[in-house]
Amino acid sequence: MNSHTLAYAKTLDEKDRLASYRDEFYLLENKIYMDGNSLGLLSKRAEKTLLQLLDSWKTLGIDGWTEGEHPWFYMAEQLGERMAPLVGGKKGEIIATGSTTSNLHQLAATFYRPSGKRTKILADELNFPSDIYALKSQIRLHGLDPEEQLIRVKSDDGLTLREERIIDAMTEEVALIVLPAVLYRSGQILDMQMLAKVANEKGIAIGFDLCHSIGSIPHELHDWGADFAFWCTYKHLNGGPGSVGGLFINERHFGKEAGLAGWFGSDKSKQFDMDHTMTAATDAGAYQIGTPHVLSAAPLIGSLEMFEEIGIEKVREKSLGLTQFMLDCIDEELKDFSFSIGNPTDTSRGGHLLLQHEEAARICQALKAAGVIPDFRTPDGIRLAPVALYNSFEDVWQTVQILKRIMTDETYKHFKNERGVVA
């Protein structure tokens, strides 16, 4: 049977051990959702736990901090413990708190202590802008010039990075390394294990942005020797828009003073002593700053149940199957339309694919009009993310067929080749 047909897609769906989880989600009516790497869909379990936490506020008032099924005072730690298997962390190394950028600010303020020759931060030119903004800001806070102190490793092709080039940039002048686990445009997975090993040998603190990897690929951050990591939970973890972020601190740094102190970083048994001398938590909890975002964390309680039932390895197995099937369909059906593949085609790809075309903005608008939800990335990128928990192989086949029809009929020409306010 040909590996790019509807019949083959249906066969794969019949064999799919995760197919039942599709019914757990609110699928958009008459649409195929391919944008789970930007915002995951709402699950019925996430909705249930959000309503439960809302009800605890309604029925318990302030006693919700310590009473009810999910006491708010301990939510950050409990959610951190439940995310640990997804990042390869040990007990106490993960906390659910803040947002991607606020957590990066906290971690940079903690680990970036320029002195002597070591004054530079090593990053890359393909990273998401928010990380770069934060790192430049941290450099300025030390009275230094970001143009001199921020190293951004170059890409050969504008899409991917070579680990050897990153390692070559780990000089005696580097005080901190911050890199993406999965590149947000091309979906390339960096070899975190190798990079952490070399950074450890050179005595440079290294951390990873897991926004496009958590819930999509397995990690072993503790065993790899990463010093820290940070992430959002609204993409592959399906925590909802603005859901609380997370961070990882390797246990070898337990007791290290957080760069940015806040009341909720206290030892919980001491927090309400109200002493002006802080007694910090001895684990990742020390890196909290403010009050937990209870209602923004609530959906994660339900969402994480599914990852616990399935295991990240099975999620990754299906994800690779979905993206490989999409690559096969693209290769067969779209070969006459000047598309190029911008993502790695081997297993160093993450959970989404990048199709490149000079008319990408128009094509994305045409896809939406035809019932497929993609993601545009300037200047020429169409990101497509078939998500293991709720997309089917038939979804993938239908997406490519719709895209072929758009190109054949040139319906994309009905739209302007420019992005919207939110791409």
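Reading guide: rules and limits
Residues numbered from 1 in each chain as written. Predicted model: local features only at pLDDT ≥ 70, side-chain atom pairs only at ≥ 80, totals over all residues. Heavy atoms only, no water. Pairing = 2+ DSSP bridges. Helix = DSSP H or I, 4+ residues; strand = E, 2+ residues; numbered from the N terminus. Axes fitted to C-alpha atoms, helices over the stretch in contact; angles between N-to-C directions. Contact = heavy atoms within 4.5 Å. Buried < 20%, exposed > 50% of the residue type's maximum accessible area, 1.4 Å probe, protein only. Right-handed = clockwise from strand over helix to strand, strands pointing away. Arc of directions from axis to C-beta. Salt bridge = Lys/Arg side-chain N within 4 Å of Asp/Glu carboxyl O. Parallel < 35°, antiparallel > 145°, perpendicular 65-115°, else oblique. Left-handed = near helix turned anticlockwise from the far one by under 90°. Nonpolar A, V, L, I, M, F, W, Y, C, P; charged D, E, K, R; others polar. Phe/Tyr/Trp six-rings, centres within 6.5 Å; stacked < 30°, edge-to-face > 60°. 1 Å grid on protein atoms, 1.4 Å probe; cavity = no way out; pocket = protein on both sides within 12 Å on 5 of 7 lines; lining within 4 Å. Points joined across faces, edges and corners; volume = space filled by probe spheres on them.

### Remarks on the sheet that holds strand β2 (residues 94-96)
The mixed open sheet is built from seven strands, whose spatial order is β2-β8-β7-β6-β5-β3-β4. Looking at the sheet topology across the chains shown, the edges are occupied by β2 and β4 (150-153). Between one strand axis and the next, the sheet turns by 20° as a mean value, whatever way the strands run. The strands that helix α3 (residues 75-87) touches are β2 and β7 (228-231); relative to β2, the one it contacts most, it runs at about 125°. Relative to β7, helix α4 (residues 100-111) is tilted by about 165°, and along the sheet it contacts β5 (174-180), β6 (205-209), β7 and β8 (246-249).

### Some remarks on the sheet that holds strand β13 (residues 381-384)
Pairing is antiparallel in the open sheet, where four strands are placed in the order β9-β10-β13-β12. Strands at the two margins of the open sheet, each flanked by one partner only, are β9 (340-341) and β12 (375-377). In this structure, strand β10 (residues 353-356) lies alongside β13, joined through four bridges in antiparallel fashion. Its bridge partner lying in β13, Leu 355 is registered against Ile 382. Set on the sheet, helix α11 (residues 312-333) makes contact with β9, β10 and β13; between it and β10 the angle comes to about 20°. The sheet contacts of helix α12 (residues 360-369) involve β12 and β13, and relative to β13 the element is tilted by about 35°.

### A word on the pairing of β5
A large share of β5 lies buried, amounting to seven of its seven residues. Of the strand pairs in this sheet, strand β3 (residues 120-124) and β5 are connected by three bridges, and their pairing is parallel. Residue Ile 121 lies in a different strand from β5, and its bridge partner there is Leu 176. Both β5 and β6 contribute to a ladder of five bridges, which runs parallel. From the neighbouring strand, Leu 176 faces β6, where its bridge partner is Ala 205. Note that the unit made of β5, helix α8 (residues 192-202) and β6 has a crossover that is right-handed.

### Looking at α8
Given 3.6 residues per turn, any residue in an α-helix points the same way as the ones three and four places further on. Looking at α8, one finds that the buried residues are Met 192, Leu 195, Ala 196, Val 198 and Ala 199. An end-on view of α8 places all buried positions within 165° of arc, on one side of the element. Across α8 from its buried face, at more than 90 degrees, point the exposed residues Lys 197 and Glu 201. Looking at the buried positions of α8, the neighbouring elements they touch are α7 (163-168), β5, β6 and α9 (221-224).

### As for the pattern of salt bridges
In the structure shown here, the tally under the stated rule is 24 salt bridges. One salt bridge connects Lys 268 with Glu 77, and the closest N-O pair in it is separated by 3.3 Å. On the criterion of sequence distance, the pair formed by Lys 268 in the loop between β8 and α10 (294-310) and Glu 77 in helix α3 is long-range, its members being 191 residues apart. Classification of Glu 77 as partly exposed rests on a relative accessible area of 24%.

### Some words on the packing of α12 against helix α13 (residues 393-409)
One can describe the packing of α12 onto α13 by two numbers: an axis separation of 10 Å at closest approach and a directional angle of 120°. The angle between α12 and α13 falls in the class oblique. Considering how the two elements wind past one another, α12 and α13 form a crossing that is right-handed. On α13, the residues that touch Ile 363, Ala 366 and Leu 367 of α12 are Ile 402, Leu 403, Ile 406 and Met 407. A breakdown of the residues in the contact of α12 with α13 according to their chemical character gives seven nonpolar, no polar and no charged.

### Some details on the packing of aromatic side chains
For the structure shown, the criterion picks out 13 aromatic pairs. Aromatic side chains Tyr 8 and Phe 325 sit 6.0 Å apart centroid to centroid with 55° between the ring planes, which places their arrangement in the tilted category. Residue Tyr 8 is found in helix α1 (residues 6-15), and its partner Phe 325 is found in helix α11; the two are separated by 317 residues along the sequence. With relative accessibility at 26%, the residue Tyr 8 sits in the partly exposed group. On the basis of relative accessibility, which here comes to 2%, the residue Phe 325 falls in the buried class. Taken together, the ring pairs in this structure connect Trp 65, Trp 72, Phe 73, Tyr 74, Trp 263, Phe 264 and Phe 272 into an aromatic cluster.

### Looking at the pairing of β13
Two faces belong to every sheet, and in a regular strand the side chains alternate between them. Because side chains alternate across β13, one face comprises the buried residues Gly 381 and Arg 383, and the other comprises Ile 382 and Leu 384, equally buried. Bridge count between β12 and β13: three bridges; the pairing is antiparallel. Within the sheet, the bridge partner assigned to Phe 376 lies in β13 and is Ile 382. The turn joining β12 and β13, which pair antiparallel and follow one another in sequence, is formed by three residues.

### Overview of empty space enclosed by the protein
This structure, assessed with the given rule, holds two cavities of 30 Å³ or more. Looking at the largest cavity, its volume works out to about 70 Å³. Lining the largest cavity are Gly 215, Ser 216, His 236, Phe 307, Val 315, Ser 319, Gly 351, Pro 386, Val 387, Ala 388 and Leu 389. Space inside the second largest cavity adds up to approximately 40 Å³. Of the residues contributing to the lining of the second largest cavity, the split by class is three nonpolar, two polar and one charged.

### Overview of the environment of Leu 41
Tracing the backbone through its elements, the reader meets Leu 41 in the loop between β1 (32-33) and α2 (44-60). With relative accessibility at 7%, the residue Leu 41 sits in the buried group. What Leu 41 contacts, discounting residues up to four positions off in sequence, is Phe 25, Tyr 26, Leu 27, Leu 28, Tyr 33, Asn 238 and Tyr 390.

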